[in-house]
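# A look at the structure
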Amino acid sequence: MPQSHDTVLEVDLGALAHNYRLLRSRLLPETRFLGVVKAYAYGSDSLAIAKKLESLGADYLAVAFTDEGVFLREGGIRLPILVLHPQPSGLGDLITHCLEPSLYSPRILRLFLQEAKARKQKDFPVHLKFNTGLNRLGFWENDVDWIQGQLDTGNTLSIRSVLSHLAASDDLGEAEFTRRQIDGFTRIVGEVREKLPGSPFFHLLNTSGIFNYPDAQWDMVRSGIGLYGYGNDQEYDKLLRPVARLRTRISQLHKIEPGEWVGYNKGFESPGYRTTATLPIGHADGIGRIYGKGRGIFHLHGKPAPIIGNVCMDMTMIDVTDIPCREGDEVVVYGGPHSAEVLARGAGTISYELLTGISRRVAREIRDES
Ligand SMILES: *Cc1c(COP(=O)(O)O)cnc(C)c1O
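Residues numbered from 1 in each chain as written. Predicted model: local features only at pLDDT ≥ 70, side-chain atom pairs only at ≥ 80, totals over all residues. Heavy atoms only, no water.

### A short note on the nonpolar core
Formally: Here the nonpolar core consists of buried residues drawn from Ala, Val, Leu, Ile, Met, Phe, Trp, Tyr and Cys, with membership extended through side-chain atoms lying within 4.5 Å. Type-normalised accessible area, obtained with a 1.4 Å probe on protein chains alone, sets the label of each residue: buried when under 20%, exposed when over 50%, and partly exposed for intermediate values. The split of the chain into domains comes from an automatic or database domain assignment. Here, two residues are considered to be in contact whenever any of their heavy atoms come within 4.5 Å of each other.
Ile49, Leu53, Phe112, Leu128, Ile287, Phe298 and Tyr334 are the most contacted members of the largest nonpolar core, which has 109 residues in total. Formed jointly, this core draws a minimum of three residues from each of two domains, domain 1 (31-228) and domain 2 (244-367). Ignoring any residue separated from it by four or fewer positions in sequence, one finds Ile49 in contact with Val11, Leu13, Leu16, Val37, Ala41, Ser44, Tyr228 and Val243. Core analysis: the second largest hydrophobic core is formed by six residues, Phe268, Ile308, Cys312 and Met317 among them.

### Some points on the site of the ligand
Basically, it comes down to this: Residues are classed as near a molecule or strand on a simple rule: at least one heavy atom within 4 Å of it. Two N or O atoms count as a polar contact when they lie within 3.5 Å, although within protein this holds only if one can serve as hydrogen donor and the other as acceptor, and sequence-adjacent residues are included solely when both atoms are side-chain atoms. With residues, only the protein chains shown are counted as cover, and all accessible areas are computed by Shrake-Rupley using a 1.4 Å probe. Helix numbers and strand numbers start at the N terminus; a helix is a DSSP run of H or I with at least 4 residues, a strand a run of E with at least 2. Amino acids are sorted into nonpolar (Ala, Val, Leu, Ile, Met, Phe, Trp, Tyr, Cys and Pro), charged (Asp, Glu, Lys and Arg) and polar (every other residue, Gly among them).
Around the ligand sit 13 residues in total, of which Lys38, Tyr42, Thr207, Ile225 and Tyr352 are the nearest. One of the side-chain N or O atoms of Arg222 is found 2.9 Å from a nitrogen atom in the ligand. At 2.9 Å, a backbone N or O of Gly224 approaches an oxygen atom of the ligand. In the complex, the protein chains occlude 94% of the 390 Å² of accessible area that the ligand would expose alone. Put simply, the parts of the chain that give the shell around the ligand at least two residues each are α2 (38-43) and β9 (220-223). Of the residues contributing to the shell around the ligand, the split by class is five nonpolar, five polar and three charged.

### Let's talk about the environment of Leu196
Mapped onto the elements of the fold, Leu196 is located in the loop between α8 (175-195) and β8 (201-203). For the pair formed by Leu196 and Gln148, sequence separation is 48 residues and the distance between their alpha carbons is 5.8 Å. Ignoring anything within four residues of it in the chain, the contact list for Leu196 reads Leu128, Val144, Ile147, Gln148, Ile159 and Glu191.

### Concerning α8
Think of an α-helix as turning once every 3.6 residues; residues three or four places apart then point the same way. What counts here: For a helix, the expected span equals 1.5 Å multiplied by the residue count minus one.
Given a rise of 1.5 Å per residue, 21 residues ought to cover 30 Å, and the 30 Å separating the end C-alpha atoms of α8 matches this to within 8%. Those residues of α8 that sit buried are Thr178, Gln181, Ile182, Gly184, Phe185, Ile188, Val189, Glu191 and Val192. Packing partners of the buried residues in α8 comprise α7 (144-151), β7 (157-163) and β8.

### Some thoughts on the domain arrangement of the protein
The condition is simple: Each of two parts loses accessible area, computed with a 1.4 Å probe, when they are put together; buried area is these two losses added.
Domain boundaries assigned for the protein yield domain 1 (31-228) and domain 2 (244-367). Taking the mean C-alpha position of each, domain 1 and domain 2 sit 38 Å from one another. Contacts between the two partners involve eight residues from domain 1 and, on the opposite side, eight residues from domain 2. Taken together, the two surfaces of domain 1 and domain 2 that pack against each other cover about 770 Å², and 63% of this comes from carbon and sulfur. For the domain 1 face of the interface with domain 2, the top three residues by lost area are Tyr40, Tyr42 and Ile225, together amounting to 51%. Top element by residues in the side of domain 1 that touches domain 2 is α2. It accounts for four residues. Classifying every residue of the side of domain 1 that touches domain 2 by side-chain character gives five nonpolar, two polar and one charged.

### Focus: the side chain of His127
For His127, the location among the structural elements is in strand β6 (residues 124-129). Of note is the side chain of His127, whose polar atom sits 2.7 Å from the side chain of Glu100. Of note is the side chain of His127, whose polar atom sits 2.6 Å from the side chain of Ser161. Beyond its immediate sequence surroundings of up to four residues, His127 is in contact with Tyr60, Leu82, Glu100, Pro101, Ser102, Leu103, Arg160, Ser161, Leu163 and His203.

### Observations regarding α7
Selection rule: Here the arc refers to the set of directions running from the helix axis out to each C-beta atom.
Regarding α7, the residues found buried are Val144, Ile147 and Leu151. Viewed along the axis of α7, the buried residues span an arc of 60°, placing them on a single side of the element. For α7, the elements touching its buried residues are α6 (106-118), β6, β7 and α8.

### Things to note about the pattern of salt bridges
To keep it simple, the criterion reads: A side-chain nitrogen of Lys or Arg and a carboxyl oxygen of Asp or Glu constitute a salt bridge if their distance falls within 4 Å.
Per the counting criterion, the structure on display carries 21 salt bridges. Notably, a salt bridge pairs Arg241 with Asp12, separated by 3.6 Å at the nearest N-O pair. Residue Arg241 is located in the loop between α10 (234-239) and β10 (244-249), and its partner Asp12 is located in strand β1 (residues 8-12); the two are separated by 229 residues in the primary sequence. Here Arg367 and Glu365 are joined by a salt bridge, their closest N and O atoms 3.0 Å apart. Judged by relative accessible area, which is 28%, Glu365 ranks as partly exposed. By sharing partners, the salt bridges in this structure join Glu10, Arg245, Arg247, Glu330, Glu365 and Arg367 into a single network.

Right, dumping it as structure tokens:
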């Protein structure tokens, strides 16, 4: 798609390399590293990120859905790719593109076994996901016997790994709950070793798990947000570098008189003489309405400029009264010193949502100075 608007998402692969090495340095040298590149690599550019992770020496990649993995295969990615949440409709595609499913329920295991048998697969690598308290996806601990029964009928599938996912690894106030999840996973590891064929490897930790529970790293970790530069904690954020920087430019400046209104539905009433800047970025680009009325703050020449009124579909207005500027000047939405986490928090959400919401109409500019 031709990119014709002044809003650009810069993707800094040097920052990615820094974050990868930083995260790896917190792990044992033999622990494998899976880079999570779902949701277009957290809204950045999944192919560019996957290529860089491949060259940095990552062991695995993960996506949420089959199509995301197919896109990476078609882009030439050779690393093993775990599909975290395969759906019944894409299982054939998954096999033909050598993607590896996380099997999370009796239904999806049966369907996948059927599909793999129909395609005469032998030892097709699969991963088993167990629920240890997140209560989102996964087999229960007492499903191991049932799984054993299913897999006994030939060698169509081979269990490559066994995983679970922590619900609150970022919240040390929930350490006791997390420890119970870790204990639950430890029991599952024991049962799997005893009852299931092959010698799968085990993994539990996401980014915050790497920082807060490194003793539970088992054979591999799965990191997403940390690779992109955010650690769910101010101290960890300082160690990481944001990969994405979202910038735009002032389309037009307006001088507003006291009592005038700005934007749809009179979202802002000017209390005095004000200068406003209109930017070519709106909720169709990924800046939700929730950021309106001062909850979101952008930066112009390093100074904070709050959003005024309602965010429109293709435009946003900010207050630049006290910042000398001209039409065409650059405005930073987030990135560099201006944390996406801070912007997101101002609107009551989290960096994950803000980052993954940047739409495809925003041009990506890939930089690699590593
Ligand atoms: C998204 C996801 C991750 C990555 O989590 P981060 O907090 O971004 O590191 C890891 N594991 C699973 C199962 C996920 O769905």
